[in-house]
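# Overview (structure and organization)
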Amino acid sequence: ATDWFPLEVGNKFQYFANIKDYYTDYFTRLFQVTDSVLTNNKKYYSVNGFYWFNTGTRIRYDKETQRIIVLYQNQEYPFMDFSKVPGESFQQIQSNGSFRNTTIVSQNLVILGDTIEAKGFYNIVRVGGPPPLPYRNVETFCFFAPEIGWVFQDEVAASYPATDLFLIEYLINSGNTL
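These remarks concern the structure in this document. Every value quoted in this text rests on a predicted model; they were computed, and no experiment measured them. (Residues numbered from 1 in each chain as written. Predicted model: local features only at pLDDT ≥ 70, side-chain atom pairs only at ≥ 80, totals over all residues. Heavy atoms only, no water.)

### Focus: the environment of Phe-16
Position of Phe-16 relative to the elements: it lies in strand E1 (residues 12–20). Under the relative-accessibility criterion, Phe-16 is labelled partly exposed at 32%. Spatially, the C-alpha atom of Phe-16 lies 16 Å from that of Asn-48, the residues being 32 residues apart in sequence. In this structure Phe-16 touches Tyr-26, Phe-27, Asp-164, Leu-165, Phe-166 and Ile-168, once residues within four positions along its chain are discounted. (Helix = DSSP H or I, 4+ residues; strand = E, 2+ residues; numbered from the N terminus. Buried < 20%, exposed > 50% of the residue type's maximum accessible area, 1.4 Å probe, protein only. Contact = heavy atoms within 4.5 Å.)

Set out below in structure tokens:
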């Protein structure tokens, strides 16, 4: 089975990012696997810098079901389901414990000079308000590459700010922990 999200303590992923508001700000973002822990007889990894989740969020990749699972308040919830085909939907856990209807997408991407077939998700959420503040839709595309993991994220709003993240380097440990 394809490992869409390799997790080992010490794995590090660095992204070039930009946020476009009234001006464009460039920065790097680090996603790293900091620890592993057994909970309910399952191995979870503590991560920092993943998507919009809090530092220390516990996640795991289930190769059998091909899902990225987030442990939230001691319950498992899907963040990504690679077993689904493009166009299928599922309810995705968010960092605040809410759920968002999310659609599976796939696309060829150039990552670190190689063209890869990436798989990921698309969702849209209405944010802003209440009046007089404007409401707007934020569209998110997020992609993963086989044997690498999270490689690209694009968030576009009807009005700024918008955010892009591109993987620029990664280190995947092959050691076993726990």
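### Structural notes on the sheet that holds strand E11 (residues 149–157)
What links the strands of a sheet is backbone hydrogen bonding, and the strands pair in either a parallel or an antiparallel sense. Taken in spatial order, the 12 strands line up as E6-E5-E4-E3-E2-E1-E12-E11-E10-E9-E8-E7 in an open sheet, and their pairing is antiparallel. Lying at the two open borders of the sheet, with one neighbouring strand each, are strand E6 (75–81) and strand E7 (89–93). On average, adjacent strands in this sheet sit at an angle of 35° to one another, irrespective of strand direction. Bridge analysis of strand E4 (residues 57–62) against strand E5 (residues 67–72) gives five bridges, and the strand direction is antiparallel. Residue pairing for E5: Arg-60 is matched across the bridge by Ile-69. (Pairing = 2+ DSSP bridges. Axes fitted to C-alpha atoms, helices over the stretch in contact; angles between N-to-C directions.)

### Topic: unusual backbone geometry
Of note in this structure, Tyr-51 is not a glycine but carries a positive phi near 45°. By the element assignment, Tyr-51 lies in the loop between strand E3 (42–48) and E4. Although it is not a glycine, Gln-66 sits at a positive phi angle of roughly 60°. Structurally, Gln-66 can be placed in the loop between E4 and E5.

Such coordinate-based values are descriptive only and should not be taken to indicate function.
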